[in-house]
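Below are the chains, spelled out letter by letter.
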Amino acid sequence: MKERFKNIGRGLGYFGIYVASQIAGSMACSIGFGIYVGVKAAKEGKVTSGVAVERATELLQNNMGIVVITSAILALLTLAIMYKVRHEKMSEKINLKPVSAKSVVAGAGIGTAMYILVVGVLMNLPLSESMINSYADSATGLFTQSAILAIIGNVFAAPIIEEVIFRGLLFDRLKKAMPVGFAMVLSSATFGLMHGQIIWVCYATVVGLFLAYIYHKTGSILPTIAAHMFLNGTSTLVNYTKLSNFATERFFNTALFLAVPVVILLMIFAFRNGRQVAEVKVVEVIYKSTKRI
């Protein structure tokens, strides 16, 4: 019982690091943009403080990738320093374990299929206009920034830190303290709630369940990072290219018939022996290392 509460406490502690890094990253970027706008306004001479604040806020909203990247770096640095002080290997603690190429490729395929699946379902739900507008407004900052920022922030930084925290640390510790199914739901709901807007919350919670399942079957965050990157990457690709012209309701309704079986088949066949594959890879690494000695 004591160990169970310790694992829950550890999971909450790691989640706290994530929240603190998000707040610190947002504050640092806000201050940075504020100073930049303030200096620029001082040179112009006729800009009021109210206008300067408005410009800084707009600049922040249109460059959310910088906030995402800054927050991710702060969280990873915090973890790296913590494990260094404890003389622990970070890759082992966050469960960045080697797995088969099949698992990583399957994760990437599931990520792309999940994007089609979730967007297709959302398009067919009887959502009110206000909810749709709120969802669109919350996503604006992600896709009004430069493509480079979107790629670095949305496709790389966010998936890496979110998988480290929510699957590699939070879910991993929770499943040591409670039934796996409940740990999946709790960690995924927490992941969803961090996305704020109600549709995003539901979207992210469902995605979190898929990712938690993949992690549980493989014992590594590598496949979940691949899945998350390809999900976000597909979304970014659609929004920044002419593919958005094809992203119609009719397209997603048709694509759903392909996405659903793809996700199910990959889940069943690619990850049914995933943990065994991961363990074999670890054994191989250890064996090769000792052989060199």
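Above this text sits the structure in question.
Nothing here was measured: the structure is a model prediction, and the numbers come from that model.

Q: Could you give an account of the overall build of the protein chain, with specific residues and numbers?
A: Per the secondary structure count, the protein chain includes 12 helices and zero strands. Secondary structure elements of the protein chain occur, N-terminal to C-terminal, as α-α-α-α-α-α-α-α-α-α-α-α. Taken across its 293 residues, the protein chain has 41% of its residues classed as buried. Long-range contacts, defined as pairs at least 24 residues apart, comprise 82% of the intrachain contacts of the protein chain with a sequence gap of at least 6. In the form shown here, the protein chain has an accessible surface area of approximately 15700 Å², with 69% of it arising from carbon and sulfur atoms.

Q: Tell me what's going on with the nonpolar core, and back it up with residues and numbers.
A: For soluble globular proteins, the rule of thumb is that nonpolar side chains tend to be buried together. Counting 31 residues, the largest nonpolar core has Tyr14, Leu79, Tyr83, Ile165, Phe166 and Leu169 as the members making the most contacts within it. Mapped onto this core, the elements with two or more residues apiece are helix H1 (2-44), helix H3 (64-85), helix H7 (147-174), helix H8 (180-193), helix H9 (198-218) and helix H10 (222-240). Considering every element that reaches this core, the biggest residue donor is H7, with 10 residues. Among all residues touching Leu169, those that are not within four sequence positions of it are Tyr14, Leu79, Tyr83, Lys93, Ile94 and Val164. Val118, Val119, Ala227 and Val238 belong to the second largest nonpolar core, which has 22 residues in total.

Q: With reference to specific residues and values, describe unusual backbone geometry.
A: Here the phi dihedral of His87 falls at roughly 60°; this positive angle occurs in a residue that is not glycine. Classification of His87 as exposed rests on a relative accessible area of 74%. With phi around 65°, Asn95 is a residue other than glycine that occupies positive phi space. For Asn95, the location among the structural elements is in the loop between helix H4 (90-93) and helix H5 (101-124).

Q: A description of the environment of His195 should follow, citing residues and the corresponding values.
A: The topology assignment puts His195 in the loop between H8 and H9. In this structure His195 comes out as partly exposed when scored by relative accessible area, which is 27%. In this structure the C-alpha to C-alpha distance between His195 and Ser138, which are 57 residues apart in sequence, comes to 9.4 Å.

Q: Give a detailed account of the packing of H1 against H7, specifying residues and quantitative values.
A: Between H1 and H7, whose axes approach to 7 Å, the crossing angle comes to 165°. The orientation of H1 relative to H7 falls into the category roughly antiparallel. As for how H1 packs across H7, the hand of that crossing is left-handed. Between H1 and H7, the residues in contact are Asn7, Ile8, Arg10, Gly11, Leu12, Tyr14, Phe15 and Tyr18 and Ile161, Glu162, Ile165, Phe166, Leu169, Leu170, Arg173 and Leu174, respectively.

Q: Describe the side chain of Thr218, naming the residues involved and giving the relevant values.
A: Mapped onto the secondary structure, Thr218 falls in helix H9. From its side chain, Thr218 meets the backbone oxygen of Ser220 in a polar contact 3.2 Å long.

About the criteria used
Residues numbered from 1 in each chain as written. Predicted model: local features only at pLDDT ≥ 70, side-chain atom pairs only at ≥ 80, totals over all residues. Heavy atoms only, no water. Helix = DSSP H or I, 4+ residues; strand = E, 2+ residues; numbered from the N terminus. Buried < 20%, exposed > 50% of the residue type's maximum accessible area, 1.4 Å probe, protein only. Contact = heavy atoms within 4.5 Å. Areas by Shrake-Rupley, 256 points an atom, 1.4 Å probe, with all protein chains shown as cover. Core = buried A, V, L, I, M, F, W, Y, C linked by side-chain atoms within 4.5 Å. Axes fitted to C-alpha atoms, helices over the stretch in contact; angles between N-to-C directions. Parallel < 35°, antiparallel > 145°, perpendicular 65-115°, else oblique. Left-handed = near helix turned anticlockwise from the far one by under 90°. Polar contact = N/O pair within 3.5 Å; in protein donor to acceptor, adjacent residues only side chain to side chain.

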